[in-house]
Each structure stands twice: as structure tokens, then as C-alpha cells.
Amino acid sequence: MTSSELEIRPNTYYTLGEAAQLLRVSPRSINALLNSGEARGVKIGRQWRVLGRELLELPYVNEPSNKQLTKGLMQLSEPSFARVWDNDADAVYDDI
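Residues numbered from 1 in each chain as written. Predicted model: local features only at pLDDT ≥ 70, side-chain atom pairs only at ≥ 80, totals over all residues. Heavy atoms only, no water.

Further remarks concern the pattern of salt bridges. Applying the stated criterion across every chain, the model contains one salt bridge. The partner of Glu54 in a salt bridge is Arg40, and the shortest N-O contact between them spans 3.0 Å. Note that Glu54 is positioned in helix α3 (residues 52-56) and Arg40 in the loop between α2 (27-36) and β2 (42-44), a separation of 14 residues in sequence. Its relative accessible area of 15% is what places Glu54 among the buried residues. (Salt bridge = Lys/Arg side-chain N within 4 Å of Asp/Glu carboxyl O. Helix = DSSP H or I, 4+ residues; strand = E, 2+ residues; numbered from the N terminus. Buried < 20%, exposed > 50% of the residue type's maximum accessible area, 1.4 Å probe, protein only.)

Here is the structure:
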């Protein structure tokens, strides 16, 4: 792969080194993403292969993950749920 050929093809599998070159990061960074589950790939023996589509779908560094968004939503929702469920108007349902 030449330096001028930096197009990610969605249906092509890339080695760790090729994926790193395409994203302009170190192979160690790609390996960390794969091992943490933030990026998906296929491990064949001891070597990773990453589908180009997966590289294109990686979240931005500052973009929160679905897990972080859900956790934040739940934290914001707790006081609202407490007001709705713990009040005198619905106390009749507490013993059911």
C-alpha cells in the first residue's frame, strides 16, 4: 500500500499494520482498540484482520460510546423516576 493510496475499502480485510497506516496511528493503538472491543476484527491464529467497514465505523475519540450515553441517561433519569414513583398519589400501588 503506497502512501497516496489511503482509501479505506469497506469490503477489504486489512492487517494490523495496514489498518494503522490507513488511520495514521500506531499498530499498537489498533491492537488496543481490538483487544478492548472498541473495534471489531477477526483473529486468525495470532494475527488480526480488520474489515474496512469496521475502520469506517470507529467512533471519534471524543464521541461518547453507547455505554457512556446510557449510563449518563440513567443517572439523569433517577431523580425523575423517584419523583414519579415515590409520591403520595401512587402510594396505593406500593402494597400490590
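Moving on from the model shown.
On the surface, Tyr13, Val42 and Ile44 cluster together to form a nonpolar patch covering roughly 300 Å² of accessible area. Looking at the element boundaries, Val42 is found in strand β2. (Patch = residues over 30% accessible without salt bridge, like charges linked within 9 Å, V, L, I, M, F, W, Y side chains within 5 Å. Areas by Shrake-Rupley, 256 points an atom, 1.4 Å probe, with all protein chains shown as cover.)

This part is about the nonpolar core. Membership of the largest hydrophobic core is limited to eleven residues, which are Ile8, Tyr14, Ala19, Ala20, Leu22, Ile30, Leu34, Ala39, Trp48, Val50 and Leu55. The set of elements that each furnish at least two residues to this core consists of α1 (16-23), α2 and β3 (47-51). Per-element accounting of this core gives the leading share, three residues, to α1. Setting aside residues no more than four positions away along its own chain, Trp48 makes contact with Tyr14, Thr15, Leu16, Asn31, Leu34, Asn35, Gly41, Val42 and Lys43. (Core = buried A, V, L, I, M, F, W, Y, C linked by side-chain atoms within 4.5 Å. Contact = heavy atoms within 4.5 Å.)

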